[in-house]
Amino acid sequence: MFLSTERLVVRRFRVGDAEAFSGYRSVPEVAQWQSWEAPYSMEEAVKAVEAFAAGDPLVPGWFQYAVDRDGVLIGDIGVNLHENLMQAEIGYTFAPEYQGQGYATEAVRGLLGLLFVERKLHRVSAECDARNVSSARLLERLGFRLEGLRLSNTWFKGEWTDDQLFGLLASDWPT
Ligand SMILES: CC(C)(COP(=O)(O)OP(=O)(O)OC[C@H]1O[C@@H](n2cnc3c(N)ncnc32)[C@H](O)[C@@H]1OP(=O)(O)O)[C@@H](O)C(=O)NCCC(=O)NCCS
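The rules behind these values
Residues numbered from 1 in each chain as written. Predicted model: local features only at pLDDT ≥ 70, side-chain atom pairs only at ≥ 80, totals over all residues. Heavy atoms only, no water. Helix = DSSP H or I, 4+ residues; strand = E, 2+ residues; numbered from the N terminus. Rg over C-alpha atoms; globule rule 2.2 N^0.38 Å. Buried < 20%, exposed > 50% of the residue type's maximum accessible area, 1.4 Å probe, protein only. Contact = heavy atoms within 4.5 Å. Areas by Shrake-Rupley, 256 points an atom, 1.4 Å probe, with all protein chains shown as cover. Lys, Arg positive; Asp, Glu negative; His and termini not counted. Charge placed at Lys NZ, Arg CZ, Asp CG, Glu CD. Phe/Tyr/Trp six-rings, centres within 6.5 Å; stacked < 30°, edge-to-face > 60°. Pairing = 2+ DSSP bridges. Axes fitted to C-alpha atoms, helices over the stretch in contact; angles between N-to-C directions. Polar contact = N/O pair within 3.5 Å; in protein donor to acceptor, adjacent residues only side chain to side chain. Near = heavy atom within 4 Å. Nonpolar A, V, L, I, M, F, W, Y, C, P; charged D, E, K, R; others polar. Expected span 1.5 Å × (residues − 1).

Draft legend 1. Fine view of the overall build of the protein. Per the secondary structure count, the protein includes 5 helices and 8 strands. From first element to last, N terminus to C terminus, the protein shows the α and β order β-β-α-α-α-β-β-β-α-β-α-β-β. For 175 residues, the compact-globule estimate of 2.2 N^0.38 gives 16 Å, and the protein sits close to it at 16 Å. Projected onto its principal axes, the C-alpha positions of the protein cover 40 × 40 × 30 Å. For the protein, the proportion of its 175 residues judged to be buried stands at 42%. Once local pairs closer than 6 in sequence are excluded, the contacts in the protein between residues at least 24 apart make up 58%. Carbon and sulfur atoms provide 52% of the accessible area of the protein, an area that totals close to 9300 Å². Between the averaged position of the 17 positive side-chain charges in the protein and that of its 25 negative side-chain charges there is a distance of 5 Å.

Structure representation (structure tokens):
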């Protein structure tokens, strides 16, 4: 386990998560903002979950954290640690039935605490499609600053999309 919050545990992925993972990645409203297409098969999920379970959060590159509520996988948070080990980018996905209840805020806040306080990161950034209001609201709730808007910057699922850029500094994080 990496950390626990009032209602959640943030832990390493395990093989038994594949079914829930495939379930929420297969929801079209979830996949529309992410790199994969729905449905997301069990075969893909097993492969991904095995790779996540074997990952190392302390080396550069993406590491996927599992978010668990009472033993059920409800979402995940990806952290892409920079080569310099001092900054990272984050991304997140939560199952629709667990959205709108503050779980993403609680889990991402817990993880930011670990990244800033224990791992001493200097900066965390995030990007989202400018139409992804839920994601932007989540970042703003957590104290991220809107740093920019890149118009028509990403060719994504058959169209040019606008990207909102967000950043949060260790000096902004409450100690
Ligand atoms: C982005 C995403 C994680 C946000 O999830 P979310 O459910 O809106 O975020 P939270 O779990 O923090 O819930 C916040 C909402 O719950 C409400 N809420 C209810 N109880 C709450 C509580 N105890 N604490 C905090 N908020 C609570 C808040 O008011 C807020 O609602 P609002 O946005 O209407 O104001 C989710 O929409 C998602 O997984 N989307 C698909 C994947 C995706 O787009 N990822 C990001 C790509 S950039």
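Next comes the rest of the description.
Draft legend 2. Structural detail: the packing of aromatic side chains. For the structure shown, the criterion picks out 12 aromatic pairs. Note on Phe21 and Phe52: the rings are 5.6 Å apart at their centroids and 90° apart in plane angle, and the pair reads as edge-to-face. Here Phe21 is found in helix H1 (residues 18-25), whereas its partner Phe52 is found in helix H3 (residues 42-53), with 31 residues between them in sequence. As far as the burial class goes, Phe21 and Phe52 line up, both buried. Between Phe116 and Trp173, the aromatic rings sit 5.6 Å apart at their centres with planes inclined by 40°, giving tilted as the arrangement.

Draft legend 3. Molecular detail of the sheet that holds strand E6 (residues 123-129). Spatial ordering of the open sheet is given by E1-E2-E3-E4-E5-E6-E8-E7, a layout of 8 strands whose pairing is mixed. Edge positions in the sheet fall to strand E1 (3-4) and strand E7 (145-156), since each has one partner strand and no second. As judged from the 2 bridges shared by E1 and strand E2 (residues 9-12), these two strands associate in the antiparallel manner. Bridged to Ser4 within E2 is Val9. Against the sheet, H1 contacts strand E4 (72-81) and strand E5 (87-94), and its axis sits at roughly 80° relative to E4.

Draft legend 4. Region of interest: the environment of Arg7. Within the secondary structure layout, Arg7 lies in the loop between E1 and E2. In this structure Arg7 comes out as partly exposed when scored by relative accessible area, which is 33%. Through-space distance from the C-alpha of Arg7 to that of Arg69 is 6.6 Å; in sequence the pair is 62 residues apart. From its side chain, Arg7 meets the backbone oxygen of Gly102 in a polar contact 3.5 Å long.

Draft legend 5. Region of interest: the site of the ligand. Not every one of the 20 residues close to the ligand is listed here, only the nearest: Tyr92, Gly100, Thr105, Asn132 and Arg137. In this structure, Arg137 approaches the ligand through a side-chain N or O atom, which is 2.6 Å from an oxygen atom. Taking Arg141, its side chain carries an N or O atom lying 3.3 Å from an oxygen atom of the ligand. Coverage of the ligand by the protein amounts to 72% of the 950 Å² it exposes when considered alone. Put simply, the parts of the chain that give the shell around the ligand at least two residues each are E5, helix H4 (103-118), E6 and helix H5 (133-141). With 5 residues, the top contributor of residues to the shell around the ligand is H5. Residues of the shell around the ligand, tallied by class, amount to 7 nonpolar, 10 polar and 3 charged.

Draft legend 6. Quick look at H4. Over its 16 residues, H4 runs 22 Å from end to end, which matches the ideal 22 Å to within 8%, given 1.5 Å per residue. Counting buried residues in H4 gives 12 out of 16 residues, a clear majority hidden from the surface. Within H4 the residues assigned to the buried category are Tyr103, Ala104, Thr105, Glu106, Ala107, Val108, Leu111, Leu112, Gly113, Leu114, Leu115 and Phe116.

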